[in-house]
Amino acid sequence: MPKRSKTSDVDHASSLLSAADLLRRWQAGSDATLWRAEKDGLLIPVREGRRRGYSWETIWAFEGGQPPAGMEAAYRQRLLTSEQAAMRVPYRPSTLITKAREGTLPCRRIGTRVRFVAAEIDRWLCSWL
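Let me sum up the structure you'll find in this document. All of these numbers come straight from a predicted model, not from anything done at the bench. Residue numbers run consecutively from 1 along every chain, following the written order of its sequence. pLDDT decides what is reported in this predicted model: residues at 70 or higher carry local features, side-chain atom pairs at 80 or more are listed and counted, and totals for whole chains, interfaces and linings draw on all residues regardless. The side-chain quantities take in all heavy atoms of the structure and omit both hydrogens and water.

## Focus: the pattern of salt bridges
For salt bridges, the criterion is a side-chain nitrogen of Lys or Arg within 4 Å of an Asp or Glu carboxyl oxygen. Within the structure shown, the criterion is met by six salt bridges. Linking D122 and R88 is a salt bridge whose minimum nitrogen-to-oxygen distance equals 2.8 Å. One end of the pair, D122, is in helix α7 (residues 118-128); the other, R88, is in the loop between α5 (82-86) and α6 (93-102), and 34 residues separate them in sequence. A salt bridge links E120 to R123; the nearest nitrogen and oxygen atoms lie 3.0 Å apart. Residue E120 and its partner R123 are both found in helix α7; the two are separated by three residues, about one turn of the helix. When a residue's accessible area, from a 1.4 Å probe over protein chains only, is under 20% of the maximum for its type it is buried; when over 50% it is exposed; and in between it is partly exposed. Overall, the relative accessible area of 3% leaves E120 in the buried class. Exposure remark for R123: the relative accessible area of 45% places this residue in the partly exposed category. In the salt-bridge network here, residues are joined through shared partners; they are R25, E63 and R108. Helix and strand assignments come from DSSP, with helices taken as H or I runs of at least 4 residues and strands as E runs of at least 2, each series counted from the N terminus.

## Description of the packing of helix α1 (residues 19-26) against helix α3 (residues 56-63)
Here, axes are lines fitted to C-alpha atoms. For helices the fit covers the stretch in contact, and angles between N-to-C directions go from 0 to 180 degrees. Running from N to C, α1 and α3 cross one another at 40°; their axes reach a closest spacing of 13 Å. By the criterion of interaxial angle, the relationship of α1 to α3 is oblique. You can see that α1 and α3 cross each other, and the crossing is right-handed. Where α1 approaches α3, its residues L22, R25 and W26 are matched on the opposing element by W56, I59, W60, F62 and E63. Classifying every residue of the contact of α1 with α3 by side-chain character gives six nonpolar, no polar and two charged. For classification, angles of less than 35 degrees are called roughly parallel, those exceeding 145 degrees roughly antiparallel, those between 65 and 115 degrees roughly perpendicular, and all remaining angles oblique. Here a crossing is taken to be left-handed if its near helix is turned anticlockwise relative to the far helix by less than a right angle, and right-handed if that turn runs clockwise. In this description, contact between two residues means that some pair of their heavy atoms is separated by no more than 4.5 Å. We call Asp, Glu, Lys and Arg charged. Ala, Val, Leu, Ile, Met, Phe, Trp, Tyr, Cys and Pro are nonpolar, and the rest, Gly among them, are polar.

## Here's the deal with the side chain of R108
Secondary-structure assignment places R108 in strand β4 (residues 108-110). By relative accessible area, which is 5% here, R108 ends up buried. Among the polar contacts made by the side chain of R108, one reaches the main-chain carbonyl oxygen of G65 at a distance of 2.5 Å. If we ignore the near neighbours within four places in the chain, the residues touching R108 are W60, E63, G64, G65, Y75, L79, R113, V114, R115 and V117. The term polar contact refers here to a pair of N or O atoms within 3.5 Å; inside protein, the definition further demands a hydrogen-donor-capable atom paired with an acceptor-capable atom, and it admits residues adjacent in sequence only when both atoms are side-chain atoms.

## What about the nonpolar core?
For our purposes a nonpolar core is just a set of buried Ala, Val, Leu, Ile, Met, Phe, Trp, Tyr and Cys residues, chained together by side-chain atoms within 4.5 Å. Grouped together as the largest cluster of nonpolar side chains are 17 residues, with contacts concentrated most on L22, W26, L34, L43, Y54, I59 and F62. Of all the secondary structure elements, the ones that give two or more residues to this core are α1, α2 (31-39) and α3. Considering each element in turn, this core owes the most residues, four residues, to α3. The contact partners of L22, leaving out residues within four places of it in the chain, are L17, L34, L43, Y54 and I59. Counting twelve residues, the second-largest nonpolar core is a separate cluster that includes A86, V89, L105 and I121.

The structure is reproduced here in structure tokens:
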């Protein structure tokens, strides 16, 4: 398997994401976040040979649900913080979080944190133009 840089997206060919890949994807959390989610049965690790990780279906279920049809590749990319998402649209980060909590802007939730899929932000913005 080719080496990946630490800054690359997590859309590599493996069917499992390691704990480190998952924390980079979320840009938040710690091993304790994963431990609590596992303990509560919200995020279930699996094994492929010697490798332990999380399947995409389990990750998406933990984050709030499976991606819409045809958007699986976009949902495998690193999630955006509200600050990063605000750089793509003419809104402040606090406005994006408010719209996400209202349900007008698609988002992913990792505990109390709100994260965004870049393709969903772009699609949402196009619906307003």
